Amino acid sequence: MKQQNPQQQNIIDYERALKDAQTALKRVDKKLIKKSHTVPKGTQYDWLNNTSFNNTVYPKDKIPDRLLRMIEKRNGIVASIITLRIQQAIEFSRISSDKDSPGWGIFLKDSKETMTPEQEKQKKFLENLLTNTKRDDYQGLEPKDDTFKNLLIKYVRDRILIDKVVWEIERDRAGRATAIWVLDGATILPILPGGFYGSTSQVGYGIGARNTKLSEAIRTAKLEQIPPVEEIAYIQELIYGTSGGGITAAFTSDDLIYDLGNELNDVMYYKQGLSVTEKANIAIVAFMNSITFNSNGLSRGAIPKVAISMGRESGYTEEQLEDMQDEWMANFEAMDGQWNIPLLNGDAKVLPLLQSNRDMEYQKYMEFVGALTCSIMGVDSAELGLRLNQAQAVLSENQDAKQMFSKNRGVREMLNGFSYIANKFLKKSRYEFAENFIFKFTGLSTEDKNFEVDLKKKKCETYMTINEIRAEDDLDPLENGDIILNPTFLQEKQASVMGGAEDDDMQADDDSGGFGGFSEDEVDDMVDDALDEGMEKAIKLI
């Protein structure tokens, strides 16, 4: 047998490897592209303007999420709005079976269907899963202490600041949901259709070696869960300034719930949202600049109102002028020194720089910027306890009702978005019975209960009976409830009843054959006897 030289052997191996790679790619293509798959004619994204490398979407021409998160620490109005909405949302963090009481629950999709004992157990299981954000039998390497309250708090803050809420669904070996993890939406980047263009080794680059056996076991388990590159729909990338970072995780579309509250329909911003904080960025920056301007004025004494011009004849040297400037700052800086009287010698002239009073203009500007921020973020400034300069109230306008409407509107919109995510989780949980249930918040009605009672009362007094009103609330009818609580109607009803009773009595008299059961002749005799007796008594008296 003829021996092959090493060079020829390497060429053959290379060709074989190339053929194997092409075969593997064909298998992947057959797996991904089926005859039943369809594609739209239009384009939903601009590949050149959405990606930098590896088919990953890196936001461009947008305020970075990290910077948006810092606004909460720098802007008092934004921080107040977030605190207010969190406090309002926490009221709904408990399980409630009463539709009028604030809370949440798992209900049957068909409200008319009666829940069986088996469905009661399934409902209890799903409620426990959401309450504890994990199954009762959960055994994970990493500690899991989040509750439903934590889900709400993180949701409200991320929705307001970055508009991006991301839940990871941890699954057991059977693929069923076993825990919920709230990820930092600022670190999650979508992948354009087509999969990740890099390699799985890049995904593990951000997971460095660990020092303990437990941390190394966690690292190894994470690396084992990296999906194939063609199935990657999202990655998590950490960036640590100039020291670098890396991709720490990769997810399929079934691993994550990636939700945007205000998604942009722009090919330049594929799977990118626009938060209310980013919408209000001009007003927010203007407010922060105003606060900084005012703070500097207080820390340095006041806004400079005058300048001192030293003439040539004064004889001051440059060194003496610098000393005088230092001495001036030492004597007139800060709040205690702004009223000291300066004494100057030589040829000095005072030049006024601020002849008009700008305090009122500054106040008006601050109020306008604050009101604009509240308007964009959907909050009534009165909810925050701020009495900003508003338009004159219309006569008879109910300010309390206005604040209540603003509160209900903001909370309702916020919690409806959370309900969408929770129902999406039920759908992705891979529990077959979960398809029969729906997550809902209770007590979200924007109607005032006092108004509702007054409305029912007026209905009862005009055109509806008591039993008709009770039927609207699924209540049993009353024995004498087929009446309208109106004096005119009641009088007419009473008159008709009394008239009917008199007719019955007269009919009974007729049926008995006379008056009280006596015939007409007997009645005439009794009348004659009574008259004769009366006449005898009258004669005796005379």
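Cut-offs applied
- Residues numbered from 1 in each chain as written.
- Predicted model: local features only at pLDDT ≥ 70, side-chain atom pairs only at ≥ 80, totals over all residues.
- Heavy atoms only, no water.
- Helix = DSSP H or I, 4+ residues; strand = E, 2+ residues; numbered from the N terminus.
- Contact = heavy atoms within 4.5 Å.
- Areas by Shrake-Rupley, 256 points an atom, 1.4 Å probe, with all protein chains shown as cover.
- Phe/Tyr/Trp six-rings, centres within 6.5 Å; stacked < 30°, edge-to-face > 60°.
- Buried < 20%, exposed > 50% of the residue type's maximum accessible area, 1.4 Å probe, protein only.
- Lys NZ or Arg CZ within 6 Å of the ring centre and 35° of its normal.
- Axes fitted to C-alpha atoms, helices over the stretch in contact; angles between N-to-C directions.
- Parallel < 35°, antiparallel > 145°, perpendicular 65-115°, else oblique.
- Nonpolar A, V, L, I, M, F, W, Y, C, P; charged D, E, K, R; others polar.
- pLDDT = per-residue confidence, 0-100.
- Pairing = 2+ DSSP bridges.
- Patch = residues over 30% accessible without salt bridge, like charges linked within 9 Å, V, L, I, M, F, W, Y side chains within 5 Å.
- Salt bridge = Lys/Arg side-chain N within 4 Å of Asp/Glu carboxyl O.
- Lys, Arg positive; Asp, Glu negative; His and termini not counted.
- Charge placed at Lys NZ, Arg CZ, Asp CG, Glu CD.
- Arc of directions from axis to C-beta.
- Core = buried A, V, L, I, M, F, W, Y, C linked by side-chain atoms within 4.5 Å.
- Expected span 1.5 Å × (residues − 1).

Chemist: Can you explain the overall build of the protein chain? Please cite residues and give values.
Modeler: Looking only at helices and strands, the protein chain features 18 helices and 10 strands. Restricting the contact set of the protein chain to residue pairs at least 6 apart, pairs at least 24 apart contribute 67%. Approximately 36200 Å² of the protein chain is accessible, and the part contributed by carbon and sulfur atoms is 53%.

Chemist: Hey, could you go over the packing of aromatic side chains for me, with residue numbers and the actual values?
Modeler: Following the criterion strictly, the structure yields 14 aromatic pairs and no others. Between the aromatic rings of W167 and F418, the centroid separation amounts to 5.6 Å while the plane-to-plane angle is 70°, which identifies the pairing as edge-to-face. Here F418 lies in helix α14 (residues 399–428) and W167 lies in strand β2 (residues 164–171), a separation of 251 residues in the sequence. Accessibility classification places W167 together with F418 in one group, the buried group. When the ring of F439 is compared with that of F441, the centres are 5.1 Å apart and the planes differ by 90°; the resulting orientation is edge-to-face. For F439, a relative accessible area of 1% puts it in the buried group. Under the relative-accessibility criterion, F441 is labelled buried at 10%. Here the aromatic cluster, defined as three or more aromatic residues joined through ring pairs, consists of F92, W104, F148, Y155, W167, F418, F439 and F441. One residue, K144, lies across the ring of W181, its end atom 4.7 Å from the ring centre. Seen from the ring of F107, K440 lies directly overhead, with NZ or CZ sitting 5.2 Å from the centre.

Chemist: Report on the packing of helix α3 (residues 65–74) against helix α6 (residues 148–161), specifying residues and quantitative values.
Modeler: Contact pair α3 / α6: the axes reach a minimum separation of 9 Å and the direction vectors enclose 110°. In terms of their interaxial angle, α3 and α6 are classed as roughly perpendicular. Here L68, R69 and E72 of α3 lie close against α6, whose contacting residues are R157, D158 and L161. Looking at the contact of α3 with α6, its residues break down into 2 nonpolar, no polar and 4 charged.

Chemist: Pulling in residues and values, what's your account of the confidence of the model for the protein chain?
Modeler: Per-residue pLDDT for the protein chain has a mean of 77; in total, 68% of the residues score no lower than 70. For residues 6–12, every residue scores under 50 in pLDDT, and the model assigns this stretch 2 contacts once sequence neighbours within four places are set aside. The model gives residues 537–542 a pLDDT under 50, and that stretch makes 0 contacts with residues more than four places away or in other chains.

Chemist: Could you give an account of the sheet that holds β2, with specific residues and numbers?
Modeler: Here 3 strands make up an open sheet; going across it, the order is β3-β2-β7 and the pairing antiparallel. Across the chains shown, the open sheet's two edge strands, defined by having one partner strand only, are β3 (177–183) and β7 (256–260). The average angle at which neighbouring strand axes cross in this sheet is 20°, direction not considered. Against the sheet, α6 contacts β2, β3 and β7, and its axis sits at roughly 145° relative to β2.

Chemist: Would you mind going over a negative patch on the surface in detail, with residue names and values included?
Modeler: Residues E318, E319, E322, D323, D326 and E327 make up a contiguous surface patch of negative charge. The residue E319 is located in helix α11 (residues 318–332) in this model. When its relative accessible area of 58% is taken as the criterion, E319 is described as exposed.

Chemist: So what's going on with α3? Which residues, and what values?
Modeler: Of the residues making up α3, those classed as buried are D65, L68, R69, I71 and E72. Buried residues of α3, seen end-on, are gathered within an arc of 135° and therefore sit on one face of the element. In α3, the exposed positions that point more than 90 degrees away from the buried face belong to K73 and R74.

Chemist: Please provide a residue-by-residue account of the nonpolar core, values included.
Modeler: Grouped together as the largest cluster of nonpolar side chains are 57 residues, with contacts concentrated most on F148, W167, F418, F425, F439 and F441. In contact with W167, not counting residues within four places along its chain, are L151, I180, W181, V182, D255, L256, I257, F418, I421, A422 and F425.

Chemist: Report on helix α5 (residues 117–132), specifying residues and quantitative values.
Modeler: Side chains of residues three or four places apart in an α-helix project in the same direction, reflecting 3.6 residues per turn. Along its 16 residues, α5 runs 23 Å from first to last C-alpha, staying within 8% of the 22 Å computed at 1.5 Å per residue. Within the span of α5, buried status applies to Q119, Q122, K123, L126, E127, L129 and L130. Projection of α5 onto a plane perpendicular to its axis shows the buried side chains occupying an angular sector of 155°, all on one side. Of the exposed residues in α5, those oriented more than 90 degrees away from the buried face are P117 and K121. Among the residues trailing α5, T133 stands out with phi positive, at a value near 55°.

Chemist: Mind laying out the pairing of strand β1 (residues 103–108), listing which residues take part and the relevant values?
Modeler: Within β1, 5 of the 6 residues are buried, which leaves the element mostly enclosed by the surrounding structure. Examined bridge by bridge, β1 and strand β10 (residues 437–442) share 6 bridges and lie antiparallel to one another. Looking across to β10, one finds that F107 is bridged to I438.

Chemist: Please provide a residue-by-residue account of the pattern of salt bridges, values included.
Modeler: Where charged atoms from two side chains of opposite charge approach closely, those side chains can pair. Scanning the model with the defined rule gives 15 salt bridges in all. Among the ionic pairs, D172 bridges to R176, the shortest N-O distance being 3.4 Å. Judged by relative accessible area, R176 falls into the partly exposed class, the value being 36%. One network of salt bridges, with partners in common, ties together R66, R69, D158 and D184.

Chemist: Describe unusual backbone geometry, listing the residues and the values that go with them.
Modeler: The backbone of N55 shows a phi angle near 65°, a positive value even though the residue is not glycine. The topology assignment puts N55 in the loop between α2 (47–50) and α3. Of the residues examined, N55 reaches a relative accessible area of 1% and is grouped as buried. Phi is positive for K271, which is not a glycine, with a value near 55°. What makes K271 partly exposed here is its relative accessible area of 23%.

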